[in-house]
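# Structural overview for review
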Amino acid sequence: MSGSQAAYAAVDLSVKLGTLELAYPTLMGSGCYGSGEEFAPFADPAKIGGVVLKSVTQRPRLGNRAPRLVATPSGMLNAIGLQNPGIDWYLEHDLAERVPRPWKTIGSVAGFSVDEYAYVTQRLAAQPEIDAIELNVSCPNVAAEGETFACDPKLTGRVVRLVRDTTEKTLIVKLSPNVTDIAAVAREAEDAGADALAVINTVRGMAIDVDTWRPRLGNVTGGLSGPAIRPIAVLAVYEVACAVKIPIVGQGGIETVTDALEFFLAGATAVSIGTANFIDPRIPERIVEGLRAYLGERGLLSIGQIVGQANRGFAGAHRCEGREG
Amino acid sequence: MSGSQAAYAAVDLSVKLGTLELAYPTLMGSGCYGSGEEFAPFADPAKIGGVVLKSVTQRPRLGNRAPRLVATPSGMLNAIGLQNPGIDWYLEHDLAERVPRPWKTIGSVAGFSVDEYAYVTQRLAAQPEIDAIELNVSCPNVAAEGETFACDPKLTGRVVRLVRDTTEKTLIVKLSPNVTDIAAVAREAEDAGADALAVINTVRGMAIDVDTWRPRLGNVTGGLSGPAIRPIAVLAVYEVACAVKIPIVGQGGIETVTDALEFFLAGATAVSIGTANFIDPRIPERIVEGLRAYLGERGLLSIGQIVGQANRGFAGAHRCEGREG
Amino acid sequence: MLTNQMPTAVHATTVLDRTEPAPGIVLLGFYAPELAAVTRPGQFLMAIPPGGERTATALGIYEAQDHRVAVLFFVCGPRTRELAGLRAGDGLEVTGPLGNGFDLSGSPRDVAVVAGGIGIASLLLPVQALIASSARVRLYYGARSAALLVERDRFAAEGCEIYCATDDGSYGRRGFVTGLLAGAEPRPDLVLACGPTPMLRATAAACSALGIPAQLSLEETFACGVGGCWGCVVPIDRNSAQAPRFPGPDEGGSDTVNARVCKEGPVFWAHELRW
Amino acid sequence: MLTNQMPTAVHATTVLDRTEPAPGIVLLGFYAPELAAVTRPGQFLMAIPPGGERTATALGIYEAQDHRVAVLFFVCGPRTRELAGLRAGDGLEVTGPLGNGFDLSGSPRDVAVVAGGIGIASLLLPVQALIASSARVRLYYGARSAALLVERDRFAAEGCEIYCATDDGSYGRRGFVTGLLAGAEPRPDLVLACGPTPMLRATAAACSALGIPAQLSLEETFACGVGGCWGCVVPIDRNSAQAPRFPGPDEGGSDTVNARVCKEGPVFWAHELRW
Ligand SMILES: Cc1cc2nc3c(=O)[nH]c(=O)nc-3n(C[C@H](O)[C@H](O)[C@H](O)COP(=O)(O)OP(=O)(O)OC[C@H]3O[C@@H](n4cnc5c(N)ncnc54)[C@H](O)[C@@H]3O)c2cc1C
Ligand SMILES: Cc1cc2nc3c(=O)[nH]c(=O)nc-3n(C[C@H](O)[C@H](O)[C@H](O)COP(=O)(O)OP(=O)(O)OC[C@H]3O[C@@H](n4cnc5c(N)ncnc54)[C@H](O)[C@@H]3O)c2cc1C
Ligand SMILES: Cc1cc2nc3c(=O)[nH]c(=O)nc-3n(C[C@H](O)[C@H](O)[C@H](O)COP(=O)(O)O)c2cc1C
Ligand SMILES: Cc1cc2nc3c(=O)[nH]c(=O)nc-3n(C[C@H](O)[C@H](O)[C@H](O)COP(=O)(O)O)c2cc1C
Ligand code: FES
Ligand code: FES
């Protein structure tokens, strides 16, 4: 017992995304972990790889009207609408007043124009407490352009190229599943200089109140998250892993270590936990312990050894993209 | 009580799709109700609007290797791969040997080329026992072209135009959710002569066995159905309803009358029940009774009165497509 | 309004007792001395039943004394059904106390407490606190029908006057509870209310007309319950002490900001709401 | 192999009894006289527990006598957990009987019945039928450990000889049950088997080597359970009597077709499988 526990402790869970080094391959999804502080009383901050902060824009945003949340089968719809105080206030207060934590801090940038993305990234990435930047080009809950970026490979390439010039820090580009061909968008982002890809943001959806005949979200449509979308997300990671060489942060419906393992096997180097934090903020540390045990039991030394294993050995009967020949 | 029951009985649940008249606005989804006979012992055939038969192709197809099914949170993945005996055998046996039933029978046509769709449609639509045709241009479980049709507005237009010339019967075109802009595909199908649109087919997904490190489906990827995809399907119907004038058959995760009502309010003229039949084939008749009660309680006379109600009244704050302006 | 001070924590508790004061309403007591010690009137908790598909449900803290905390809830969906299935001895995790709670700091002498349906669940603790500070407390209590007017004896035993209304007239006055409030003589100097949103709106309107300050405990759909997702907002006056420390949007100089019901609330001053 | 004749139907039944022969294994009896009357050995049913999110689970029919039908199952996931929560008096809907069942028509005289784990659940009815027709029946029964070798007394009471194997050696021979079968003297003239797929494959290989015909009851993930979705297939010889009445694919003249485990099966002749 203690022998195997010692073996487990030796398992290497650290991963690298560009130059960003994470002690654990687990990020907390943007918008699902606040600034980290909200959840700190309920979780062990030392067991968290990194926190992706709530997306920030150039100007303050009131966000969408209520209701912003609807429960759906094995998931939820949200339409927060990027409520945030704008980059000025954000740097002065939210960021400056943070309690230092052992996790890595990834700033998330949203915007409505290529220039806004570049401006906010530059300001945010200049802060020493920001270890990396995630570009949220895939928020389904804001007007036109927000999501349009990630829905158009060319536009994605354009914004990534411009933003790339503003910082040396690791740049993670977050992709939308609401496209015909996510691999094409992934390739453009890679070509434009992304260091890693976050796959996937929420899936667009809607719910209607059959008593009032009105959409249940103030914003009419929203983004679906949680276990319901996991099969969609696993496939997206699998397809993107076949298309690019840069690392992937897999996400969408991860609640248990088994869920997380599906993403690693599909080709993710790290995973991100979003909606599950709302159920119980100790889920991320349970996943870390579960990964350690899974690898330890199999005599594996590092998480990297399982990344992308489900893609291997299909050269014959199946092409990597998983359609029958 | 008996007074209100009489009122309920007077509620008109009949709908029309092109020239196809349905006594109830409920179809049984293709591939989820066999030839109808498998479920006949467990359901009241007189309470079913119509049955969409399993998709048929020109030649026999062995289908995908097992396993073909995986349970997922509030849903399932399938990768049947259009196993079917081919149109010759199908007409001679499956269709010829059917027990006559009160429901309307809709043939479903799949194919790998524009010509195959036209050929199979022509043969199938010529049968007197076939009341309408559904074009499955959106099966995610077969090689390349099957789904590519519904993923490309132009290709969809081309196949619908050619097929349209082969029959006068109602032509329903079944759309895929695996696209950036489903409304664009819907418009092409309408322009090309479709009488109605089925929205949506399954969402592409994947699951991985963390013990064997292999995809859980023999075909690697599959189609996600069931309640998990309902929010995605409701939004697709809502967006398509804003884009076209022809009627929509809404589907994706309908299990209860409340679920069905979401689709009518989003703009569907009829609904289709798929995966729910696997739980209990009496669900469709319960939905019909539920619709009758819902309309009766509100003093409504016909199902048509609620179709698309969630789209109304948003001219101000929201555009029909549901994004904030 | 008060703001929540720690120590909020996840508590692993054990169910002590479970009763059904009315069909479909469950009163669940559990062993949680640390939670009981720090709970203030009007705060809530998130309850996570053991095993299965895990979900967290927001519930007002009904009772909190010595080693025992209790919740009172209406069984209306999958999560409350799972909680309703618990029995004495079962495990139950709760995160709390959460939210701000009622502001009883102004030493109110004559308080009207307005409960709509299961909203009663958040009102026992403030009633106890008020009576302990020798205030007069009148409870105006409305529900769909007599059977759903649960725990009246309990409130009476605390020493408050009770006036009831039912939608169907099966007990007390027929109609809405706000009708009773409007006729309250003498006028209370503070109103506390919890219940369905339409009732709270009517309470706010009545209090505004009568010129009585009112604190409303709001309900919204929650995801995190701890202020991390910004999903549970209500628009309030940006000058409110409860307004999140955010600049407003610079477009159009709106005087409104979105506050989180779970973090800045669930209790708000009626006159500061912009809903 | 037999094909299922009606009357298959949905039966609204009531739970009569519930026991746990081993931790995590449940034996559930319910009142279903019409189902009991038409069930043949090797058939299964789909069980739909009341309320909640409804799901159907395939279970072998363990017992079927007079007014009572029983299932024996392993609690391994959400659906079996829900079924395990039922108590005497609860409602339970079952659709059945489904599938073909074992072919006992050749009047076999000496039959080896091979059970792997919970596969035992489909084997009591054929054992009873065989013993009623005066055949000699030897049961080869394997499980992970002794505690999981449930219902041995029951089978012994029916009059069959029992030989056990456990993975951990805690009872009977250590190792796989197919090891016992290979040494069976005299050789049986028929083998019936039900259990996990690797065990069935090993059984098929052993029987093929020994030249004994074998019928295997397969397990696949089901959706409909009634032949409507083509989700549960296994490749078999296209000349099998169980091959669906489909032409094979015309590409390459394959001798294989996909048969539905729920409709053409779950029982197949080992030598006709092309898995
Ligand atoms: C701060 C706060 C405190 C709360 N305190 C309590 C409390 O003390 N006691 C309590 O019972 N509830 C309380 N609630 C409400 C409770 O959290 C929800 O009712 C619960 O989450 C429902 O979960 P569910 O999964 O069982 O039902 P859901 O699946 O969420 O809802 C099922 C159905 O019931 C309807 N519904 C929801 N709530 C009600 C209701 N109260 N009455 C009638 N229909 C309803 C929904 O619209 C839906 O159609 C509180 C909520 C908040 C935000
Ligand atoms: C024709 C047929 C007859 C069957 N008869 C019986 C029967 O009589 N008794 C019975 O117990 N089961 C029987 N099964 C299997 C039973 O249908 C499944 O085990 C059941 O559907 C599991 O449902 P679940 O939701 O509880 O678990 P799931 O969520 O489907 O599975 C939970 C986990 O347990 C694993 N698992 C599944 N089955 C087993 C198992 N047997 N042992 C260990 N791990 C497992 C799965 O891989 C998964 O990881 C039969 C299946 C078929 C097709
Ligand atoms: C309430 C909520 C708010 C979110 N806000 C953001 C956001 O501001 N920026 C972003 O990039 N993603 C946002 N997301 C998406 C998540 O980070 C995550 O990518 C997605 O929810 C899928 O993962 P999950 O199923 O684990 O939640 C949000 C998700 C939720 C549920
Ligand atoms: C097992 C299975 C097989 C299916 N086969 C077909 C098919 O052959 N042709 C087709 O057009 N759709 C097919 N579908 C899609 C359904 O008809 C339906 O559009 C989809 O499942 C969404 O609805 P649901 O969630 O109610 O099942 C299949 C779905 C399932 C689950
Ligand atoms: S529920 Fe997350 S901020 Fe209130
Ligand atoms: S489970 Fe549907 S055909 Fe067997």
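Residues numbered from 1 in each chain as written. Chains lettered and ligands numbered in written order. Predicted model: local features only at pLDDT ≥ 70, side-chain atom pairs only at ≥ 80, totals over all residues. Heavy atoms only, no water.

Attention shifts here to the overall build of chain A. A count of helices and strands for chain A gives 10 helices and 16 strands. Against the 2.2 N^0.38 benchmark of 20 Å for 325 residues, chain A shows a C-alpha radius of gyration of 19 Å, consistent with a compact globule. Summarising its shape, the C-alpha atoms of chain A cover approximately 55 × 50 × 50 Å along the three principal directions. By the burial criterion, 67% of the 325 residues in chain A qualify as buried. (Helix = DSSP H or I, 4+ residues; strand = E, 2+ residues; numbered from the N terminus. Rg over C-alpha atoms; globule rule 2.2 N^0.38 Å. Buried < 20%, exposed > 50% of the residue type's maximum accessible area, 1.4 Å probe, protein only.)

Attention now goes to the site of ligand 3. Residues and elements named next belong to chain A. Around ligand 3 there are 20 residues in total, and S30, S55, K174, G253 and T275 lie nearest to it. Note that an oxygen atom of ligand 3 is positioned 2.9 Å from one of the side-chain N or O atoms of K54. Between ligand 3 and I200, the relevant distance is 3.4 Å, taken from an oxygen atom to a main-chain nitrogen or oxygen of the residue. Expressed as a share of its isolated accessible area of 600 Å², the protein-covered part of ligand 3 is 97%. (Near = heavy atom within 4 Å. Polar contact = N/O pair within 3.5 Å; in protein donor to acceptor, adjacent residues only side chain to side chain. Areas by Shrake-Rupley, 256 points an atom, 1.4 Å probe, with all protein chains shown as cover.)

What follows deals with the side chain of A:T269. In this structure, A:T269 sits in the loop between helix 8 (257–266) and strand 16 (270–273). Excluding residues that lie within four positions of it along the chain, A:T269 makes contacts with A:V15, A:K16, A:L17, A:P25, A:P247, A:I248, A:F264 and A:V307. (Contact = heavy atoms within 4.5 Å.)

With that settled, consider the pattern of salt bridges. Applying the stated criterion across every chain, the model contains 52 salt bridges over all chains. The salt bridge involving A:D195 is made with A:R164; its shortest N-O contact spans 2.7 Å. One end of the pair, A:D195, is in the loop between helix 6 (182–191) and strand 10 (196–199); the other, A:R164, is in helix 5 (residues 153–164), with 31 residues separating them in the sequence. According to the relative accessible area criterion, A:D195 is partly exposed, its value standing at 21%. Residue A:R164 is classed as buried on the basis of its relative accessible area, which comes to 18%. Between C:D110 and C:R138 there is a salt bridge, and its shortest N-O distance comes to 3.1 Å. (Salt bridge = Lys/Arg side-chain N within 4 Å of Asp/Glu carboxyl O.)

Attention now moves to the site of ligand 4. All names here are of chain B. Surveying the vicinity of ligand 4 reveals 20 residues, the closest of which are S30, S55, K174, G253 and T275. N136 is positioned with one of its side-chain polar atoms (N or O) 3.0 Å from a nitrogen atom of ligand 4. G226 is positioned with one of its backbone polar atoms (N or O) 2.9 Å from an oxygen atom of ligand 4. Here ligand 4 loses 98% of its free accessible area of 600 Å² to cover by the protein chains. A breakdown of the residues in the shell around ligand 4 according to their chemical character gives three nonpolar, 15 polar and two charged. (Nonpolar A, V, L, I, M, F, W, Y, C, P; charged D, E, K, R; others polar.)

Residues and elements named next belong to chain B. One can describe the packing of helix 5 (residues 153–164) onto helix 6 (residues 182–191) by two numbers: an axis separation of 8 Å at closest approach and a directional angle of 25°. Taken together, helix 5 and helix 6 sit at an angle that is classed as roughly parallel. Helix 6 is crossed by helix 5, and the crossing has right-handed handedness. From helix 5, P153, K154, T156, G157, V160 and R161 reach across to helix 6, where they touch A184, V185, E188, A189 and D191. Each residue belonging to the contact of helix 5 with helix 6 can be placed in one class, and the counts come to five nonpolar, two polar and four charged. (Axes fitted to C-alpha atoms, helices over the stretch in contact; angles between N-to-C directions. Parallel < 35°, antiparallel > 145°, perpendicular 65-115°, else oblique. Left-handed = near helix turned anticlockwise from the far one by under 90°.)

A few words now on the arrangement of the chains. By number of contacts, the leading pair among the four pairs of chains in contact is chains A and B. Without any contact between them, chain B and chain C keep their closest C-alpha atoms 10 Å apart. Chain A makes no contact with chain D; the smallest distance between any of their C-alpha atoms is 10 Å.

All right, on to the confidence of the model for chain C then. Looking at chain C as a whole, the pLDDT averages 91, with 93% of positions reaching at least 70. The complex model carries a pTM of 0.93, and its ipTM stands at 0.92. (pLDDT = per-residue confidence, 0-100.)

By the element assignment, D:R81 lies in helix 2 (residues 78–84). C-alpha of D:R81 to C-alpha of D:G24: the two residues are 57 residues apart in sequence and 9.3 Å apart in space.

Take the sheet that holds strand 7 (residues 104–109) of chain A next. Residues and elements named next belong to chain A. Here eight strands make up a closed barrel; going around it, the order is 3-4-7-8-9-10-15-16 and the pairing parallel. The average angle at which neighbouring strand axes cross in this sheet is 25°, direction not considered. In the sheet, strand 7 pairs with strand 8 (residues 132–136) via four bridges, with the strands oriented parallel. Residue pairing in the sheet places I106 in a bridge with A132 of strand 8. (Pairing = 2+ DSSP bridges.)

A common measure of how large an interface is: the accessible area buried when the components associate. Residues and elements named next belong to chain C. Assigned domains within chain C: domain 1 (9–98) and domain 2 (110–219). In this structure, domain 1 and domain 2 have C-alpha centres spaced 23 Å apart. Between domain 1 and domain 2, the residue contacts involve 17 residues of the former and 15 residues of the latter. Roughly 1300 Å² of surface becomes buried between domain 1 and domain 2 when both sides are summed, with 67% attributable to carbon and sulfur atoms. On the domain 1 side of the contact with domain 2, P41, Y62 and L72 bury the most area, a combined 41% of that side's loss. Seen at the junction of domain 1 and domain 2, the total is one salt bridge. Summed over the shared surface of domain 1 and domain 2, the number is two residue pairs in polar contact (both at pLDDT 80 or more). Elements with a contribution of two residues or more to the side of domain 1 that touches domain 2: strand 1 (9–22), strand 2 (25–31), strand 5 (63–65) and strand 6 (68–74). For the side of domain 1 that touches domain 2, the element with the most residues is strand 6, which contributes three residues. Here the side of domain 1 that touches domain 2 is composed, by residue class, of 12 nonpolar, three polar and two charged. (Domains from an automatic or database assignment. Buried area = accessible area lost by both parts, 1.4 Å probe.)

Before going further, it helps to examine the state of the cysteines. A complete count under the given rule lists zero disulfides over all chains for this structure. Cysteine C:C76 remains unbridged, with the sulfur of C:C194 as its closest cysteine sulfur at 14 Å. (Disulfide = S-S within 2.5 Å.)

The next subject is the environment of D:Q215. The residue D:Q215 is located in strand 13 (residues 214–217) in this model. Taking the C-alpha atoms as reference points, D:Q215 and D:A193, separated by 22 residues in sequence, lie 6.3 Å from one another.

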